Amino acid sequence: MNGNPMKLYAHPFSSYCQKVLIALYENDTPFDYLMLSPDHPEVMAEHEALWPLKRFPVLLDAGRTVIEASIVIEYLDLHHPGPVRMVPEDPEAALEVRTMDRIFDNYVMTPMQKIVGDHIRPAGNRDEHGVVEARRLLDTTYAWLEGTLRSRRWAAGEAFTLADCAAAPALFYADWVHPISDELANVKTYRERLLARPSFARAVDEARPYRALFPPGAPARD
Ligand SMILES: N[C@@H](CCC(=O)N[C@@H](CS)C(=O)NCC(=O)O)C(=O)O
């Protein structure tokens, strides 16, 4: 590791970037924020050179490129740990954290992005059936989470972890496009608890100026 700060290529409104920002803010980890925006074409070019798939966030640390939000958080836990451990030492506890992380990415974030993405498709090329399926998947996941979160303060138990970094932006935006029913009190309360967590509250505040970019239109709340 050299003495230069890590670089995070990111955008504040991006859900996967917020996932990593939460982990960085939890531990007050120093890094340089490289904003991905057409106003900074040189940053966009650096980002593409590092990761031709152009997905974000991307972390650059001492010449090492780290991709995929979950892996970035695991990397931070390994190489730049702080007081808040994102993945527990105990392998069984770690398994539960990684399971919940996958659930939020695959079954909340992905259908949420499907619904959002449909709004930027050209008219006449929308995927109505895919959106119906995404909404059905969200309903099933919300219902499953209602039972799973009944006895948990955080996604995987009593400690805030990687799974909560995944859950926060996923449930935040999913509720905007496919509201969580009032009957699902555990899920709604958990989303509120995430919003009250200072690391996520900071990420949400930093993203506020970009709400007009939300393709379906952002609700006047949160
Ligand atoms: N599996 C990736 C997903 C990252 C991702 O989809 N990021 C979005 C922003 S939230 C993105 O790169 N969008 C640009 C695109 O799809 O071209 C991860 O976990 O980091």
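As a reminder, the structure under discussion sits directly above these lines.
Just so it is clear, the model here is predicted, and its values are computed rather than measured. (Residues numbered from 1 in each chain as written. Predicted model: local features only at pLDDT ≥ 70, side-chain atom pairs only at ≥ 80, totals over all residues. Heavy atoms only, no water.)

## A short note on the packing of helix H7 (residues 185–196) against helix H8 (residues 198–207)
Then, in step 1: Contact geometry of H7 with H8 gives a least axis separation of 5 Å together with a crossing angle of 80 degrees. Judged by the inter-axis angle, H7 sits roughly perpendicular to H8. Contact residues: H7 offers Leu194, Leu195 and Ala196, while H8 offers Pro198, Phe200, Ala201 and Val204.
Then, in step 2: Residue classes in the contact of H7 with H8 are distributed as seven nonpolar, no polar and no charged. (Axes fitted to C-alpha atoms, helices over the stretch in contact; angles between N-to-C directions. Helix = DSSP H or I, 4+ residues; strand = E, 2+ residues; numbered from the N terminus. Parallel < 35°, antiparallel > 145°, perpendicular 65-115°, else oblique. Contact = heavy atoms within 4.5 Å. Nonpolar A, V, L, I, M, F, W, Y, C, P; charged D, E, K, R; others polar.)

## As for helix H3 (residues 69–79)
Then, in step 1: For H3, the complete set of buried residues consists of Ala69, Ser70, Val72, Ile73, Tyr75, Leu76 and Asp77.
Then, in step 2: Structurally, H3 contributes buried residues whose contacts are with strand E1 (6–10), helix H1 (15–26), strand E3 (58–61), strand E4 (64–67), helix H4 (91–118) and helix H6 (162–177). (Buried < 20%, exposed > 50% of the residue type's maximum accessible area, 1.4 Å probe, protein only.)

## Topic: the site of the ligand
Then, in step 1: Lining the immediate environment of the ligand, one finds Ser14, Ser15, Tyr16, Lys54, Arg55, Phe56, Glu68, Ala69 and Gln113.
Then, in step 2: Arg55 has a polar side-chain atom sitting 3.3 Å from an oxygen atom of the ligand.
Then, in step 3: Contact distances for the ligand include 2.8 Å between a nitrogen atom and a backbone N or O atom of Phe56.
Then, in step 4: Relative to its unbound accessible surface of 510 Å², the ligand loses 71% to contact with the protein. (Near = heavy atom within 4 Å. Polar contact = N/O pair within 3.5 Å; in protein donor to acceptor, adjacent residues only side chain to side chain. Areas by Shrake-Rupley, 256 points an atom, 1.4 Å probe, with all protein chains shown as cover.)

## Re the packing of aromatic side chains
Then, in step 1: By the definition in use, this model includes 13 aromatic pairs.
Then, in step 2: Ring geometry for Tyr25 against Phe31: centres 6.5 Å apart, planes inclined by 40 degrees, an arrangement best described as tilted. Phe31 shares its class with Tyr25; the two are buried.
Then, in step 3: With 5.1 Å between their ring centres and 80 degrees between their planes, Trp176 and Phe214 make a pair best called edge-to-face. With Trp176 in helix H6 and Phe214 in the segment after H8, this pair connects stretches of sequence that are 38 residues apart.
Then, in step 4: The buried category is assigned to Phe214, whose relative accessible area is 6%.
Then, in step 5: Counting every residue linked through ring pairs, the aromatic cluster contains Phe13, Phe172, Tyr173, Trp176, Phe200 and Phe214.
Then, in step 6: Its guanidinium or amino end placed over the ring of Phe160, Arg197 lies 4.0 Å from that ring's centre, counting from NZ or CZ.
Then, in step 7: Its end group placed over the ring of Tyr25, Arg202 keeps NZ or CZ at 3.6 Å from the ring centre. (Phe/Tyr/Trp six-rings, centres within 6.5 Å; stacked < 30°, edge-to-face > 60°. Lys NZ or Arg CZ within 6 Å of the ring centre and 35° of its normal.)

## Details of the pattern of salt bridges
Then, in step 1: This model, assessed by the stated rule, comprises 18 salt bridges.
Then, in step 2: The partner of Asp222 in a salt bridge is Arg191, with the nearest N and O atoms 2.7 Å apart. Here Asp222 is found in the segment after H8, whereas its partner Arg191 is found in helix H7, with 31 residues between them in sequence.
Then, in step 3: According to the relative accessible area criterion, Asp222 is partly exposed, its value standing at 25%.
Then, in step 4: Judged by relative accessible area, Arg191 falls into the buried class, the value being 5%.
Then, in step 5: Salt bridges here are not isolated pairs; linked through shared partners, they connect Lys19, Asp101, Arg102 and Asp105. (Salt bridge = Lys/Arg side-chain N within 4 Å of Asp/Glu carboxyl O.)

## Topic: the state of the cysteines
Then, in step 1: For the structure shown, the criterion picks out zero disulfides.
Then, in step 2: Just so you know, Cys17 is unpaired, no disulfide at all, and the nearest cysteine sulfur is the one on Cys165, 13 Å from it.
Then, in step 3: A residue is classified by how much of its surface remains accessible, and Cys17, at 0% relative accessible area, is buried. (Disulfide = S-S within 2.5 Å.)

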